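Geometric and topological summary
So you can see what is in the structure, the chains are spelled out below.
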Amino acid sequence: VEPPAQVDSVVSKFMGGRLCSEVTCKVCGFSCKNEESFFVLSVPLPPRRAASAHPNQIHLEECLELMQSEAGGEGEAVAWFCERCGARDATKRLWVGRFPRCLIVHLKRFAYERGHRYKRDDEVVVPVDGLVCFSAGGAVGAAGGAD
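None of these values were measured; they are calculated from a predicted model.

Turning to unusual backbone geometry, a few remarks are in order. Excluding glycine, most residues fall at negative phi; most peptide bonds, likewise, are trans. With a phi close to 50°, Arg114 is a non-glycine residue in the positive phi region. With relative accessibility at 75%, the residue Arg114 sits in the exposed group.

As a further point, take the layout of surface pockets. Approximately 250 Å³ is the volume attributed to the second largest pocket. Around the second largest pocket, the lining comprises 16 residues; the ones closest to its centre are Ser42, Pro44, Met67, Leu94 and Lys108. The residue inventory of the lining of the second largest pocket, partitioned by class, reads ten nonpolar, two polar and four charged.

Within the secondary structure, Cys32 sits in strand β2 (residues 31-38). In the structure, Cys32 is positioned 50 residues away from Cys82 in sequence and 8.6 Å away in space, judged by C-alpha atoms. Apart from the residues lying within four places of it in its own chain, the contact partners of Cys32 are Ser21, Glu22, Val23 and Glu83.

Definitions and limits used
Residues numbered from 1 in each chain as written. Predicted model: local features only at pLDDT ≥ 70, side-chain atom pairs only at ≥ 80, totals over all residues. Heavy atoms only, no water. Buried < 20%, exposed > 50% of the residue type's maximum accessible area, 1.4 Å probe, protein only. 1 Å grid on protein atoms, 1.4 Å probe; cavity = no way out; pocket = protein on both sides within 12 Å on 5 of 7 lines; lining within 4 Å. Points joined across faces, edges and corners; volume = space filled by probe spheres on them. Nonpolar A, V, L, I, M, F, W, Y, C, P; charged D, E, K, R; others polar. Helix = DSSP H or I, 4+ residues; strand = E, 2+ residues; numbered from the N terminus. Contact = heavy atoms within 4.5 Å.

As structure tokens, then:
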């Protein structure tokens, strides 16, 4: 059976990116890499900072760094499975292999505390350098004028 032919569409051309992942076993050192397409990039919010001047203000870069940080370190509840030796002592790392021309970011705003789910209301600061926003009226540049 042949794999399906890849369809290049306008949507995939402008909004399609590549997300890479790597699981590395701490026991045997085996590493397994994977790559997949994405149209929406889901990023977590970092923990709240009570001592900060703006405790509910987060920069988008912080969310991207957290998404790309290694999971499965000391004290984490996440246990990744090694395909080679079967151990549940591995780490997983995600990174964006290719950003799309038009990036859609999904903020994971739901969190759990003491068994209850709640929605975080943190302000996420998005850099506006080179940013083009779209509305029903068409493209609006960072300065607010129509392009």
